[in-house]
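Commentary on secondary and tertiary structure
Listed here are the chains, written in short residue letters.
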There are 2 protein chains.
Amino acid sequence: MKPTNSKDASHGQPSIVHRRIVALAGGVGGAKLAHGLAQILPPEDLTVIVNTGDDFEHLGMYICPDLDTVCYTLAGLANPETGWGRVNESWNTLANIEKLGGPNWFSLGDQDIATHLERTRRMKEGQSLTQVTRDFCKAWGVKHTVLPMSDSPVRTLVETDEGELAFQEYFVHRHCEPQVKGFRFDGVQVAEPAPGVREAIDSAEAILICPSNPWVSVDPILRVIQKINKPVVAVSPIIGGQTVKGPAAKMYRELGIEPSALAVANHYRTLLSGFVLDTVDSSLSDKIETKTLVTNTLMNTFDDRALLAANVLNFAGSL
Amino acid sequence: MKPTNSKDASHGQPSIVHRRIVALAGGVGGAKLAHGLAQILPPEDLTVIVNTGDDFEHLGMYICPDLDTVCYTLAGLANPETGWGRVNESWNTLANIEKLGGPNWFSLGDQDIATHLERTRRMKEGQSLTQVTRDFCKAWGVKHTVLPMSDSPVRTLVETDEGELAFQEYFVHRHCEPQVKGFRFDGVQVAEPAPGVREAIDSAEAILICPSNPWVSVDPILRVIQKINKPVVAVSPIIGGQTVKGPAAKMYRELGIEPSALAVANHYRTLLSGFVLDTVDSSLSDKIETKTLVTNTLMNTFDDRALLAANVLNFAGSL
């Protein structure tokens, strides 16, 4: 289809953006676009639904990497260099765990550990992940709604040439080295959407799929929420055949699919009302079987995030 | 009995100190004398058996306050100002737990948290507290043997005018404010001495009771090890009717006993071959029904620790 040319909305005061939006997000890329949306939309008009398939227990703590990345980013607490973890972080606990011969493969800063310890404490007391996330957002000054996709455990397992690996084992411990053959989302059949997820989708004017990994960040969310009877717009996480961050391109390749914005659009083809791809991929636009917006999708600065968000919102409004 | 006058052994090269010793220790006071002993005795001649009645679970972590204080002190890692916790400590995790509305009444530094997280991880894997303590001592460069009194949980409960309180609840959270009526050591009937405890006592020439709280630091150890068929020498934690640190004097008072070195000697009376009290309490020496050593027992400096240790060792050797 013909691309809609990006008309850059002026940052902070875009023209047609006041619509109720649900954003589906994984980690760093999703958090960046969510942050852009949060710069534009008032709190009541944005709900971010976050993947929890990457969650795991480590050193006795319940860790939610994507949820934390999204919340830290919206709170302005994220490390701007890595995209994950906390800004001005210290690493004294991890250094001492290492001295004791403990596991050091998962980077845990001292401030970040507070999140995991207190979340674990509350969940052991019986609080739901939704409730804990709401309280933490309040404490951190996050005004927009952030919801885990589910309060029930869903665990992403990566089928590889070395057997099935827990996601963080594959992703962090093994640096995505094993060859991917497929994915399994343990618990997804019985996991209900978290309280508020269904309502947010039902009252949204559009659902935005953030530039997160389609296989392991977005698919688990889509599997949990199942039915989406709203216009869906996805932003490609693949730019010029590569990912800004993470193993999505490598996964496509190992699964026998040429990684590209086109592959991402095909991935979501049954859902899409619109697709956003980068200007470097403009030549692919004609091959995509839905309306497209070709624009700059790299988010290097906070302004880039807001600008992409405004453009995506305007595009979604035009569908 | 007549006091033996303290003949100050020259620090580091005392004359008659090469004897195999078991020291029973609680927290800060016990750790200081243990450190003094460790400065004098070779590793094979000193075993420190530490109270675990204060252990508790907090924020999902298994915390052993006395064991950590003794190990940190022997390793030279203890905060010299507080006596507990780590030197050059940072507090970023606790500050962030506080921001999230989590419990902040128990001081947990970032380095210290590493100890608790890694210990908890190992114990959940099935390792014993003895094994974990041995590994941690090795990692920290502690050459003398440190043993928990037992690998089985013993929990000190304080009977107060407000009901029974878990020890840390009474001690840290409530600042020892509730009036003490008695103590209970939950689990002590079935708790076996940790591996090595019995052997260390059987091969020791003398057992030293460090200047720790008789009620809540030493009694739990004595209850677990039960039979001591060796000369026992205790060092009074009460100097001039007061404790250097902790609630021992307050406890004696609330239990209707005038706090004094004499009260401590009476506390241990069935066990003692010798008793060490401070020079400020020399007038009490005649009232104590065992041999006494009157000497300076305040340990302000590392040298004070070694000097007291040397004097106590010489005194024990003279009995």
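Before reading further, recall that the structure is shown in the block above.
Read on for a plain summary of the structure. (Residues numbered from 1 in each chain as written. Chains lettered and ligands numbered in written order. Predicted model: local features only at pLDDT ≥ 70, side-chain atom pairs only at ≥ 80, totals over all residues.)

1. Thoughts on the overall build of chain A
- For chain A, the helix and strand inventory stands at eleven helices and 15 strands.
- Dimensions of chain A, computed from C-alpha atoms along their principal axes, come out at roughly 60 × 45 × 35 Å.
- Of all 319 residues assigned to chain A, the portion counted as buried reaches 55%.
- Nonlocal contacts in chain A, meaning residues at least 24 apart in sequence, comprise 67% of its contacts between residues at least 6 apart. (Helix = DSSP H or I, 4+ residues; strand = E, 2+ residues; numbered from the N terminus. Buried ≥ 20, exposed ≤ 12 C-beta atoms within 10 Å, placed from the backbone. Contact = placed C-beta atoms within 7 Å.)

2. Overview of the packing of helix α2 (residues 65-75) of chain B against helix α5 (residues 129-140) of chain B
Residues and elements named next belong to chain B.
- Between α2 and α5, the shortest axis-to-axis distance is 10 Å and the interhelical angle comes to 25°. Considering their axes alone, α2 and α5 lie roughly parallel with respect to each other. Seen from above, α2 lies across α5 with right-handed handedness. In this structure, α2 contributes Leu67, Cys71 and Ala75 to the contact, and α5 contributes Thr133, Phe136, Cys137 and Trp140. (Axes fitted to C-alpha atoms, helices over the stretch in contact; angles between N-to-C directions. Parallel < 35°, antiparallel > 145°, perpendicular 65-115°, else oblique. Left-handed = near helix turned anticlockwise from the far one by under 90°.)

3. Notes on the interface of chain B and chain A
- With 24 residues of chain B at the interface, the matching set in chain A holds 24 residues.
- Broken down by secondary-structure element, the contributors of at least two residues to the side of chain B that touches chain A are α3 (92-99), α4 (110-124) and α5 of chain B.
- Counting residues per element, the side of chain B that touches chain A draws most heavily on α4 of chain B, at nine residues.
- For the side of chain B that touches chain A, the per-class residue count stands at nine nonpolar, nine polar and six charged. (Nonpolar A, V, L, I, M, F, W, Y, C, P; charged D, E, K, R; others polar.)

4. Examining the relation of the copies chain B and chain A
- Between the two copies, chain B and chain A, the superposition gives an RMSD of 0.0 Å; the rotation angle is 180° and the shift along the axis is 0.0 Å. Such a turn and shift between the copies fits a two-fold axis. Within chain B, the C-alpha atom positioned nearest to the axis of rotation is that of Asp110 of chain B, 3.2 Å from it.
- A shared binding surface is used by both copies, with 100% of the interface residues of chain B retained as interface residues in chain A. (Least-squares fit on C-alpha atoms with pLDDT ≥ 70 in both.)

5. So, the packing of helix α3 (residues 92-99) of chain A against α4 of chain B
- Remark: α3 of chain A packs on α4 of chain B, axes separated minimally by 7 Å, with the N-to-C direction vectors making an angle of 45°. Looking at the two axes, α3 of chain A sits oblique to α4 of chain B. Where α3 of chain A crosses over α4 of chain B, the two elements pack in a sense that is right-handed. Seen from α3 of chain A, the contacting residues are Asn92, Thr93, Asn96 and Ile97 of chain A; seen from α4 of chain B, they are Asp110, Gln111, Ile113, Ala114, Leu117 and Glu118 of chain B.

6. Some thoughts on the sheet that holds strand β8 (residues 163-166) of chain A
Residues and elements named next belong to chain A.
- If you walk across this open sheet you meet the three strands as β8-β7-β9, and the pairing is antiparallel. Either end of the sheet is taken by a strand with one partner, and the two such strands are β8 and β9 (180-186). Direction aside, neighbouring strands of the sheet carry axes that sit 30° apart on average.
- Relative to β8, strand β7 (residues 155-160) runs antiparallel, the two sharing four bridges. Residue pairing for β8: Thr160 is matched across the bridge by Gly163. (Pairing = 2+ DSSP bridges.)

7. Some words on the pairing of strand β7 (residues 155-160) of chain B
Residue and element names in this part refer to chain B.
- Pairing of β7 with strand β9 (residues 180-186) involves six bridges; the strand directions are antiparallel. What sits directly across from Thr156, in β9, is Phe185.
- Linking two consecutive strands that pair antiparallel, namely β7 and strand β8 (residues 163-166), is a turn of two residues.

8. Quick notes on the nonpolar core
- Core analysis: the biggest nonpolar cluster contains 202 residues, and Ala23 and Ala34 of chain A together with Ala23 and Ala34 of chain B have the highest contact counts within it.
- In this view, Ala23 of chain B contacts Leu33, Ala34, Leu37, Leu46, Val48, Leu208 and Cys210 of chain B; residues no more than four positions away in its chain are not counted. (Core = buried A, V, L, I, M, F, W, Y, C linked by C-beta atoms within 7 Å.)

9. Comments concerning the sheet that holds β8 of chain B
All names here are of chain B.
- Strand order in the open sheet formed by three strands is β8-β7-β9, with antiparallel pairing between adjacent strands. Edge positions in the sheet fall to β8 and β9, since each has one partner strand and no second. Across the sheet, the axes of successive neighbouring strands diverge by a mean angle of 30°, strand direction being ignored.
- Strands β7 and β9 of the sheet are contacted by helix α8 (residues 214-225), whose axis makes an angle of about 35° with β9.

10. Quick look at α5 of chain B
Residue and element names in this part refer to chain B.
- With twelve residues, α5 ought to run about 16 Å at 1.5 Å a step, and its terminal C-alpha atoms sit 16 Å apart, in line with that.
- Every buried residue belonging to α5 is among Leu129, Val132, Thr133, Phe136 and Cys137, and all of these are buried. Taken around the axis of α5, the buried residues stretch over an arc of 135°, which confines them to a single face.
- In this structure, the buried side of α5 is in contact with α2, α4 and β6 (145-148).
- Just downstream of α5 lies Gly141, where phi reads positive at about 80°. (Expected span 1.5 Å × (residues − 1). Arc of directions from axis to C-beta.)

11. Brief notes about the environment of Ile225 of chain B
All names here are of chain B.
- One can find Ile225 in helix α8.
- C-beta crowding within 10 Å serves as the criterion here: with 21 such atoms nearby, Ile225 is assigned to the buried category.
- Sequence separation of Ile225 and Lys138 is 87 residues, and the distance between their C-alpha atoms is 25 Å.
- Other than its neighbours up to four places away in sequence, Ile225 contacts Met149, Pro193, Val197 and Ile201.

12. Topic: the environment of Lys181 of chain A
Residues and elements named next belong to chain A.
- With respect to the helices and strands, the residue Lys181 is situated in strand β9.
- A count of 14 C-beta atoms within 10 Å places Lys181 in the partly exposed class.
- Here Lys181 is in contact with Glu159, Thr160 and Asp161, once residues within four sequence places are set aside.

13. Describing helix α1 (residues 28-40) of chain B
Residue and element names in this part refer to chain B.
- Given a rise of 1.5 Å per residue, 13 residues ought to cover 18 Å, and the 19 Å separating the end C-alpha atoms of α1 matches this to within 8%.
- Extensive coverage of α1 is indicated by the burial of twelve of its 13 residues.
- What α1 keeps buried is the set Val28, Gly29, Gly30, Ala31, Lys32, Leu33, Ala34, His35, Gly36, Leu37, Ala38 and Ile40.
- Where α1 is buried, its residues contact β2 (21-25), β3 (46-50), α2, α8, β11 (232-235) and α11 (302-317).

14. With respect to the environment of Thr295 of chain B
- With respect to the helices and strands, Thr295 of chain B occurs in strand β15 (residues 291-295).
- When the C-alpha atoms of Thr295 of chain B and Lys138 of chain B are compared, they prove to be 34 Å apart, with 157 residues separating the residues in sequence.

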